[in-house]
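Descriptive structure summary
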Amino acid sequence: MHFQSEPIYKTVLGALYCADSLEFMRQLPDDSVDLVVTSPPYALHFKKEYGNASQQEYIAWFLPFAREIKRIIKPSGSFVLNIGGSWQPGVPVRSLYHYRVLLALVDETGYDLAQEFFWFNPAKMPAPAEWVNVRRIRVKDSVEYIFWFVKDPMAQADNRKVLQPYSDDMKRLIKRGVKQTIRPSGHVITGTFASDRGGSIPSNLIQCGNNESNSAYVKNSRIAGNKIHPARFPAELPRFFMEFLTNPGDLVLDPFAGSNTTGHVAERLKRRWLGVELREDYAQESRLRFEGLPEEVILQQGQQTLKF
Ligand SMILES: C[S@@+](CC[C@H](N)C(=O)[O-])C[C@H]1O[C@@H](n2cnc3c(N)ncnc32)[C@H](O)[C@@H]1O
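Since the structure is predicted, the reported quantities are computational estimates derived from the model, not experimental observations.

Cut-offs used in this document
Residues numbered from 1 in each chain as written. Predicted model: local features only at pLDDT ≥ 70, side-chain atom pairs only at ≥ 80, totals over all residues. Near = placed C-beta within 6 Å. Helix = DSSP H or I, 4+ residues; strand = E, 2+ residues; numbered from the N terminus. Nonpolar A, V, L, I, M, F, W, Y, C, P; charged D, E, K, R; others polar. Core = buried A, V, L, I, M, F, W, Y, C linked by C-beta atoms within 7 Å. Buried ≥ 20, exposed ≤ 12 C-beta atoms within 10 Å, placed from the backbone. Contact = placed C-beta atoms within 7 Å. Pairing = 2+ DSSP bridges. Axes fitted to C-alpha atoms, helices over the stretch in contact; angles between N-to-C directions.

Turning our attention to the site of the ligand. Residues in close proximity to the ligand total 21 residues, the closest being Arg-232, Phe-256, Gly-258, Ser-259 and Thr-261. Every element with two or more residues in the shell around the ligand is listed here: helix H1 (21-25) and strand E11 (272-277). For the shell around the ligand, the per-class residue count stands at eleven nonpolar, six polar and four charged.

Set out below in structure tokens:
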């Protein structure tokens with residue numbers, strides 16, 4: 001594929017562009033991308049440094065992106081959208097904007113919702129502090145939403161590629177075998193329930209923190225004196241969906257690439273990838289995920305000279 005502008009950098013399998021992704025996606029042919037996995041700016045009451053649409057404007061802002069994504073994904077492809085919830089300003093009441101996004105994508109853009117997932121981040125800070133920490137009338141909001149959209153209900157997916165280790169109880173059952181029983185719910189448990197199928201089928205609750213303090217990106221950013229991107233998602237999110245929904249060699253796009261977590265995971269999983277980020281500083285600095293620092297960058301720490 002040829003694009004109007006040069007990428008900020010290229011790797012063996014992908015390229016990162018600094019552009020408005022709405023414009024960028026217009027250059028992509030119909031039915032050409034296997035997976036879009038992304039986390040756009042949320043409609044937070046407190047604005048992030050990279051700017052974000054308000055709750056009232058959010059649908060109008062986001063729908064053109066969603067339409068373009070629908071045009072470029074293959075019929076076998078998927079669109080995985082990570083979006084955080086929000087509160088109404090000044091009152092301990094939730095905003096419903098993320099549900100409005102979900103309904104608009106299905107009702108107005110014509111996607112099907114393949115499944116909704118929840119990302120449980122136990123390390124999420126309590127907020128809004130006024131309601132959670134000070135007045136103590138709300139609890140910690142530790143979950144974000146991940147909506148998995150498809151344009152064909154039979155889009156490519158295989159949960160055998162994301163099996164998880166069996167629990168100790170399940171391992172015991174597999175060893176011992178089970179007799180046919182009927183659960184109080186009416187479900188019939190047969191002997192095949194305890195067969196070893198290589199691992200347990202994951203649920204739609206993904207639990208992971210979003211600290212990656214040991215990653216090359218964070219370490220190298222600190223050394224280079226760069227600010228670390230303020231709203232990264234954990235590598236586990238794109239990893240799960242890439243393995244579940246694509247094969248090596250497939251094309252993955254993140255139109256709100258930020259620090260390019262998605263591109264880095266894709267490279268490791270041998271998927272081709274494209275990333276698009278509007279801010280040039282984030283786009284430039286995301287290259288640190290892939291490289292040691294350039295030869296000429298030398299950090300003086302006291303007497304010690306560290307070279308990367
Ligand atoms: C929540 S962050 C994504 C972070 C990313 N998932 C990561 O792990 O680093 C959203 C990003 O979208 C970028 N952005 C906002 N509008 C954009 C647009 N029209 N085109 C491309 N990027 C955009 C912002 O600058 C911000 O870096």
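Let's shift gears to the nonpolar core. Residues Leu-35, Val-36 and Val-80 are the most contacted members of the largest nonpolar core, which totals 54 residues. For Val-36, the contacting residues outside a window of four places in its chain are Ile-69, Ile-73, Phe-79, Val-80, Leu-253 and Pro-255.

Sheet architecture is open: nine strands sit in the order E1-E2-E11-E10-E3-E4-E6-E5-E9, paired in mixed fashion. On the outer flanks of this sheet lie strand E1 (9-10) and strand E9 (205-207), each paired with one strand and no other. Of the strand pairs in this sheet, strand E2 (residues 14-18) and E11 are connected by five bridges, and their pairing is parallel. Bridge pairing in E11 links Gly-14 to Trp-273. The sheet contacts of helix H8 (residues 261-268) involve E2, strand E3 (33-38), strand E10 (251-254) and E11, and relative to E11 the element is tilted by about 170 degrees.

Shape is all these values report; function is a separate question.
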